[in-house]
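Topology and contacts: notes
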Amino acid sequence: MSQSDVLQETQGQSTQAQNGKIAVLYIAGSGRSGTTLLARLLGEVEGFVNIGEAARYLFDVNIRARDFPCGCGSALSSCSFWKDKIRAIPANLVQQASELVRIRKFPSLLMASGHSGNPEAYRPVLDALAEMYRAVARETGCRVIVDSSKNPANALLASLIPEVELHVLHVVRNPHRVVASWAKKKGYLKAHPRRKVIAWWWSFNLLSEALKLRARSYRLLRYEDFVREPEKRMQEITADVVGTAPAMPFLNGTEARVQLQHDLGGNPDKLGGGRINIVDTSDSAGGSRNWLVNLTTFPLLLRYQYLPSHRS
Ligand SMILES: [Zn+2]
């Protein structure tokens, strides 16, 4: 039995049609863990629409300033899908939301989302986020919105919206490969130093596990397990949300065909549609740095079965 099977916790399935809520499948985890690819594939499932890192992108003043293109290739100000939704979010709310989702604010946000908390303090941001999801659901007629914003704090905000039914897919990847991936500039994404990447890997993964407290379903998926059996894992993920595994004619072994999607943020691989090879690289930090990565990511390495004694 794989770890993703062991840690999968589902508290019941339903659909938008059955309970009137908007089903949001939120992909959480650290950057360069394969979340953009997973979101694009999920966006090909009938009834699912991938909006990329919309919750994070639209409500973060720093990311907005970098003006990454939409997955359709257009600037956001001219993308037919996003331009009106962006205009509907006032600048002061973007600033307020940017403060709310800082990782250091996560504990207070988690308490606010509990029974004794006061989410009313966040109401304007929650209303704007809810309206974004509502507009996507209305315009696409989708059954499930796939949001790959990764930051667990944005998922907590989504969980505070009464009409959102939150499902969490937590994706982890071997930190050696994450560190190696961030060491290189990739299109419009800058390279980042190892110490920063390890801090992100730790905090985003640890805090993503706290989302079990607020989500309708939670699944932990190692990217390496996904690459080994893409269709099986996709079936498990979609069944968590809609109760059954829809057909996936766009997948053939480790090859897939994707259409053009209006997904925000993410890595530049998202641009355009076409054929995708589902692979993992064998990159690692290398040399003595491997020891440092092992030392600084233990014991999560043990928890996610990435120690050398485990297959990955
Ligand atoms: Zn677009």
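Cut-offs applied
- Residues numbered from 1 in each chain as written.
- Predicted model: local features only at pLDDT ≥ 70, side-chain atom pairs only at ≥ 80, totals over all residues.
- Helix = DSSP H or I, 4+ residues; strand = E, 2+ residues; numbered from the N terminus.
- Buried ≥ 20, exposed ≤ 12 C-beta atoms within 10 Å, placed from the backbone.
- Contact = placed C-beta atoms within 7 Å.
- Axes fitted to C-alpha atoms, helices over the stretch in contact; angles between N-to-C directions.
- Parallel < 35°, antiparallel > 145°, perpendicular 65-115°, else oblique.
- Left-handed = near helix turned anticlockwise from the far one by under 90°.
- Nonpolar A, V, L, I, M, F, W, Y, C, P; charged D, E, K, R; others polar.
- pLDDT = per-residue confidence, 0-100.
- Core = buried A, V, L, I, M, F, W, Y, C linked by C-beta atoms within 7 Å.
- Pairing = 2+ DSSP bridges.
- Expected span 1.5 Å × (residues − 1).

1. Here we look at the overall build of the protein chain
The helix and strand tally for the protein chain stands at 16 helices and nine strands. Burial status across the protein chain gives 45% buried among its 312 residues. Contacts in the protein chain between residues far apart in sequence, at least 24 positions, make up 78% of those at least 6 positions apart.

2. With respect to the packing of helix α11 (residues 175-182) against helix α12 (residues 194-209)
To describe two helices that pack against each other, one gives the angle between their axes and the distance between the axes. One can describe the packing of α11 onto α12 by two numbers: an axis separation of 9 Å at closest approach and a directional angle of 135 degrees. Comparing their axes, α12 and α11 come out oblique. For α11 against α12, the interelement crossing comes out right-handed. Of the residues in α12, those touching α11 at Pro 175, Val 178, Val 179 and Trp 182 are Arg 194, Val 197, Ile 198 and Trp 201. By residue class, the composition of the contact of α11 with α12 is seven nonpolar, no polar and one charged.

3. Points about the packing of helix α7 (residues 91-100) against helix α9 (residues 123-140)
Contact pair α7 / α9: the axes reach a minimum separation of 10 Å and the direction vectors enclose 105 degrees. Here α9 runs roughly perpendicular to α7, going by the angle between their axes. The segment α7 lies against α9, with Leu 93, Gln 96, Ala 97 and Leu 100 engaging Pro 124, Val 125 and Ala 128. Of the residues belonging to the contact of α7 with α9, the class tally is six nonpolar, one polar and no charged.

4. Re the confidence of the model for the protein chain
On average, the protein chain scores 87 in pLDDT, and the residues at 70 or more come to 88%. Within the model, the stretch residues 1-15 combines pLDDT values under 50 with 28 contacts to residues more than four positions away or in other chains.

5. Describing the nonpolar core
Side chains of a nonpolar character, in soluble globular proteins, are inclined to be buried together. If you look at the biggest cluster of nonpolar residues, it comprises 72 residues, and the most contacted ones within it are Val 24, Leu 129, Ile 145, Leu 157 and Ala 158. With residues up to four places along the chain from it excluded, the contact list for Ala 158 reads Val 24, Tyr 26, Ala 55, Leu 129, Val 164 and Leu 166. Core analysis: the next-biggest nonpolar cluster, separate from the first, contains eleven residues, Ile 198, Trp 200, Trp 201 and Phe 204 among them.

6. Description of the sheet that holds strand β8 (residues 255-258)
Within a sheet, neighbouring strands are paired by backbone hydrogen bonds and run either parallel or antiparallel to one another. Taking strand neighbours across the sheet as the criterion, the three strands line up as β7-β8-β9 in an open arrangement whose pairing is antiparallel. The sheet is open, and its two borders are formed by β7 (251-252) and β9 (274-277), each paired with just one other strand. Bridging between β8 and β9 involves four bridges; their strand directions are antiparallel. Bridging from a neighbouring strand, Arg 257 pairs with Arg 275 of β9.

7. Considering the environment of Ala 128
Tracing the chain through its elements places Ala 128 in helix α9. A C-alpha to C-alpha distance of 9.7 Å links Ala 128 and Lys 85, two positions 43 residues apart in sequence. For Ala 128, the contacting residues outside a window of four places in its chain are Ile 89 and Leu 93.

8. Points about unusual backbone geometry
Pro 299 follows Phe 298 through a cis peptide bond whose omega is 10 degrees. Among the secondary structure elements, Pro 299 is positioned in the loop between α15 (288-297) and α16 (300-303). Although it is not a glycine, Asp 67 sits at a positive phi angle of roughly 55 degrees. Turning to its location among the elements, Asp 67 is positioned in the loop between α5 (61-66) and α6 (83-87).

9. Some details on helix α14 (residues 230-242)
For α14, spanning 13 residues, the distance from its first C-alpha to its last is 18 Å, which sits close to the expected 18 Å at 1.5 Å a residue. Residues of α14 that are buried: Pro 230, Arg 233, Met 234, Glu 236, Ile 237, Thr 238, Asp 240, Val 241 and Val 242.

10. Side note on the pairing of β8
Residues Ala 256 and Val 258 line the buried face of β8, whereas the alternating positions Glu 255 and Arg 257 sit on a face that is not buried. Pairing analysis gives two bridges linking β7 to β8, with the strands arranged antiparallel. By the bridge assignment for β8, Asn 252 is matched with Glu 255. Between the end of β7 and the start of β8, which pair antiparallel, lie two residues, with Gly 253 showing a positive phi angle near 65 degrees.

11. Quick word on the pairing of strand β5 (residues 164-172)
Counting buried positions along β5 gives nine out of nine residues, so the element sits mostly inside the fold. Pairing geometry for strand β2 (residues 22-29) and β5, over eight bridges, is parallel. Bridging across to β5, Ala 23 finds its partner in Glu 165. Judged from the six bridges that link them, β5 and strand β6 (residues 217-222) form a sheet pairing that is parallel. The residue of β6 that forms the bridge with Val 172 is Arg 222.

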